[in-house]
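# Fold and geometry: a report
If you want the building blocks of each chain, they are given just below.
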Amino acid sequence: MHQALVAAGVVLQTAGLLAAAPLLKVAIKKMKARLQNRQGPPWAQGYFDLAKLLRKEPVRSDVASWVYVAGPRVYFAAAVAATTLVPVVVAAAPLEAAGGILLLVGTLALGRFALATAAIDTGSPFGGMGASRDMTIAALAEPALMLGLFTSALAAGSLNLGVLVRELVAHGPSFHPSDLLAFAGLFIIVIAETGRIPVDNPATHLELTMIHEAMVLEYAGPDLALVEWGAAVKELMYLTLLADLFVPIGIATTLSPVALAVGVVAWAAKIAVLAIAVTVVESANAKLRLFRVPELVSVSLGLVFLALAIRFL
Amino acid sequence: MTANVLILCAAGMLVTAYLMVGQKALFTAIRLFGVQSLFLGIVATTIAFSESRPELLVTAALTVLLKTILIPWFLMRVIDRIGIHREIEPFLNVPASLLVCVGLTVVGYRVSTGFPEGTRGVSHHLIGVALSMLLIGLFLMVTRKKAITQILALLTVENAVFLVAVGVTSGMPFVVELGISFDVILAVLILGILVHRIVDRFESMDVSRLSKLKG
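## A short note on the overall build of chain B
When you go through chain B residue by residue, the secondary structure sums to seven helices and zero strands. When the elements of chain B are put in sequence order from the N terminus, they spell out α-α-α-α-α-α-α. Rg of the C-alpha trace for chain B: 17 Å, near the compact-globule value of 17 Å for 215 residues, within the 12% margin. Counting only C-alpha atoms and orienting by the principal axes, one finds that chain B spans roughly 55 × 35 × 25 Å. Of all 215 residues assigned to chain B, the portion counted as buried reaches 45%. Contacts in chain B between residues far apart in sequence, at least 24 positions, make up 71% of those at least 6 positions apart.

The following block contains the structure:
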């Protein structure tokens, strides 16, 4: 019974997130377009793009090895695996028995590593440049992400995200200054990790500035579809993580239909609010020069470090 | 509920102080100061309602009017007139300043436990945040070269003192508060004129050039 429940949870949650991820991307694009007095793409554009890419034949360089082929697959698999560790609608992660925050960060790092090595594989300068830039930012963002998550873990007394959220729901938010500091720090990290504007511009392919896009420039067809879908799922997962840790309101604690319905609505509402925040940040800021990005990330590192320190004072 | 709002607003003020340290664009720094003062206004309003001290509403209104609207507007106008928008490389680079500020905040928080009111609860956080902001403000004043950033640092220190005065003590007499508000406007006006003079003289807002005796 319990195993069946876990399996059902994994399948339903993964399918739901995979289905919703392209919608989030389009929603942000659409809101951004509205802020610029444009119409923006139709709501289903994300699905059209994925369908188009998946139907095409993969074009690969002659010199590419298996690393190049494995890159997008590992990246996508890591992103999907990471979502199973995060509670979304129910206050329990489907695979929470497997691990908590450390496994989550490790899985994401594995995906990033696979994509970066794949980018270097063909030996094209663009891929290598993108990979090196992505890693530069990741090297700073990853510890900040971990410290930020640890701040919440410290309040709940567990590194497991499922237990953590249940603790938060049971005791209510702690309303400690470190919550806000950690939220501000993690929000910057989410912006940096998902390649949003002050750090990276998802909409252009300008060689001087692109980071993530440079890394995946050589991929085409289904390979590219996997990378884009994986990135979208990762973005949705980060926003869900923020919602879970700092506003655990409405998340279902029982499996009754009413609680689940409330959970879905609450989750969608929280993601929508966070998406609006991301859009506003994207529209109100100019892209930072590459060498200024570490400064921004170090601000968030400072914030989360402080959040952790204040917990003890 | 009241305690939660107070703590969140105080934390918000601390976050804005941090972002100010990590920020080189002057406009953004000024906006951050505006947001910080708005948080202060919310703190004052919350206390006014929870402890039924209606005179604090006037304080809150003055704070929001002056520090969220009037002073940022004035400073932005000064910058527009001068046409210098970015902080030049400060004496200490951003990551190092942030590290120092983390240290200062820890010190501020630790010291706040020494106050009789500061051992636990809301006042612990209010005093801790205020002391940290005070130290961060002083630090900003020492390490930044732009006259405008130094004004913002001074105002941050002022906000910190105000936070303690409103949140922890039983408040200042109304006349004193009016006097302080008036003082702040005058200080900013005079400093604004001073910035103009510095820029006229040295063609830069860099105050480190002031130590040169011959131009």
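## Some thoughts on the overall build of chain A
Helix and strand counts for chain A come out as 11 helices and zero strands. Listing each helix as α and each strand as β along chain A from the N terminus yields α-α-α-α-α-α-α-α-α-α-α. Scaling as 2.2 N^0.38, a compact globule of 313 residues should have a C-alpha radius of gyration of about 20 Å, and chain A matches this with 19 Å. Dimensions along the principal axes, computed over C-alpha positions, put chain A at roughly 55 × 45 × 40 Å.

## A short note on the environment of Tyr 219 of chain A
Residues and elements named next belong to chain A. The residue Tyr 219 is located in the loop between helix H8 (212–215) and helix H9 (221–246) in this model. For the pair Tyr 219 and Ala 259, spaced 40 residues apart in sequence, the C-alpha to C-alpha distance is 42 Å. With residues up to four places along the chain from it excluded, the contact list for Tyr 219 reads Pro 72, Leu 224 and Val 227.

## Concerning the interface of chain B and chain A
With 23 residues of chain B at the contact, the number on the chain A side is 16 residues. Class assignment for the residues of the side of chain B that touches chain A results in 17 nonpolar, five polar and one charged.

## Notes on the packing of helix H3 (residues 55–82) of chain B against helix H7 (residues 174–202) of chain B
All names here are of chain B. Closest axis-to-axis distance for the H3/H7 pair is 11 Å, and the angle between their directions is 5°. Here H3 lies roughly parallel to H7, going by the angle between them. Every residue of H7 that contacts H3 at Glu 55, Thr 59, Leu 62, Leu 66, Ile 71, Phe 74, Val 78 and Ile 82 is listed here: Phe 174, Glu 177, Ser 181, Val 184, Ile 185, Val 188, Gly 192, Val 195 and Val 199.

## What about the environment of Tyr 68 of chain A?
Residue and element names in this part refer to chain A. Mapped onto the secondary structure, Tyr 68 falls in helix H3 (residues 66–83). Looking at Tyr 68, the number of C-beta atoms within 10 Å reads 21, which means it is buried. Taking the C-alpha atoms as reference points, Tyr 68 and Met 129, separated by 61 residues in sequence, lie 16 Å from one another. In contact with Tyr 68, not counting residues within four places along its chain, are Arg 60, Ala 118, Asp 121 and Thr 122.

## Thoughts on the packing of helix H2 (residues 45–55) of chain A against H9 of chain A
Residues and elements named next belong to chain A. Their axes nearest at 6 Å, the elements H2 and H9 cross at an angle of 145°. As for the relative orientation of H2 and H9, their crossing is left-handed in sense. Between H2 and H9, the contacting residues are Leu 50, Leu 53 and Leu 54 on the first element and Gly 221, Pro 222, Leu 224, Ala 225 and Trp 229 on the second. Of the residues contributing to the contact of H2 with H9, the split by class is seven nonpolar, one polar and no charged.

## As for helix H4 (residues 101–121) of chain A
Residues and elements named next belong to chain A. With 21 residues, H4 extends 30 Å from end C-alpha to end C-alpha; this agrees with the ideal 30 Å at 1.5 Å per step. By the burial criterion, the buried members of H4 are Ile 101, Leu 104, Thr 107, Leu 108, Gly 111, Arg 112, Ala 114, Leu 115, Ala 116, Ala 118, Ala 119 and Asp 121. As for H4, its buried residues are in contact with H3, helix H5 (125–156), helix H6 (161–171) and H8. Residue Gly 123 follows H4 closely and has a positive phi angle near 80°.

## With respect to the nonpolar core
Ranked by size, the top nonpolar core spans 160 residues in total, and within it Leu 181 of chain A together with Ala 10 and Leu 163 of chain B carry the most contacts. The biggest single contributor to this core is H9 of chain A, with 16 residues. In this structure Leu 163 of chain B touches Ala 10, Met 13, Leu 40, Val 43, Leu 126, Val 129 and Ala 130 of chain B, once residues within four positions along its chain are discounted.

## Things to note about unusual backbone geometry
Of note, Asn 37 of chain A is a non-glycine position whose phi angle comes to about 60°, a positive value. Within the secondary structure, Asn 37 of chain A sits in the loop between helix H1 (2–35) and H2. For Asn 37 of chain A, a count of 6 C-beta atoms within 10 Å puts it in the exposed group. The backbone of Ser 52 of chain B shows a phi angle near 40°, a positive value even though the residue is not glycine. Summarising the element assignment, Ser 52 of chain B is placed in the loop between helix H2 (26–50) and H3.

## So, the confidence of the model for chain B
All names here are of chain B. The predicted model of chain B averages 85 in pLDDT, with 94% of residues at 70 or higher. Averaged pLDDT values over the elements of chain B bottom out at 84 in H7 and peak at 91 in H2. Scoring of the predicted complex yields 0.90 for pTM and 0.82 for ipTM.

## Describing the environment of Ser 124 of chain A
All names here are of chain A. Relative to the helices and strands, Ser 124 is located in the loop between H4 and H5. Judged by C-beta crowding, with 17 C-beta atoms within 10 Å, Ser 124 ranks as partly exposed. With 93 residues separating them in the primary sequence, Ser 124 and Leu 217 have C-alpha atoms 9.9 Å apart.

The rules behind each value
Residues numbered from 1 in each chain as written. Chains lettered and ligands numbered in written order. Predicted model: local features only at pLDDT ≥ 70, side-chain atom pairs only at ≥ 80, totals over all residues. Helix = DSSP H or I, 4+ residues; strand = E, 2+ residues; numbered from the N terminus. Rg over C-alpha atoms; globule rule 2.2 N^0.38 Å. Buried ≥ 20, exposed ≤ 12 C-beta atoms within 10 Å, placed from the backbone. Contact = placed C-beta atoms within 7 Å. Nonpolar A, V, L, I, M, F, W, Y, C, P; charged D, E, K, R; others polar. Axes fitted to C-alpha atoms, helices over the stretch in contact; angles between N-to-C directions. Parallel < 35°, antiparallel > 145°, perpendicular 65-115°, else oblique. Left-handed = near helix turned anticlockwise from the far one by under 90°. Expected span 1.5 Å × (residues − 1). Core = buried A, V, L, I, M, F, W, Y, C linked by C-beta atoms within 7 Å. pLDDT = per-residue confidence, 0-100.

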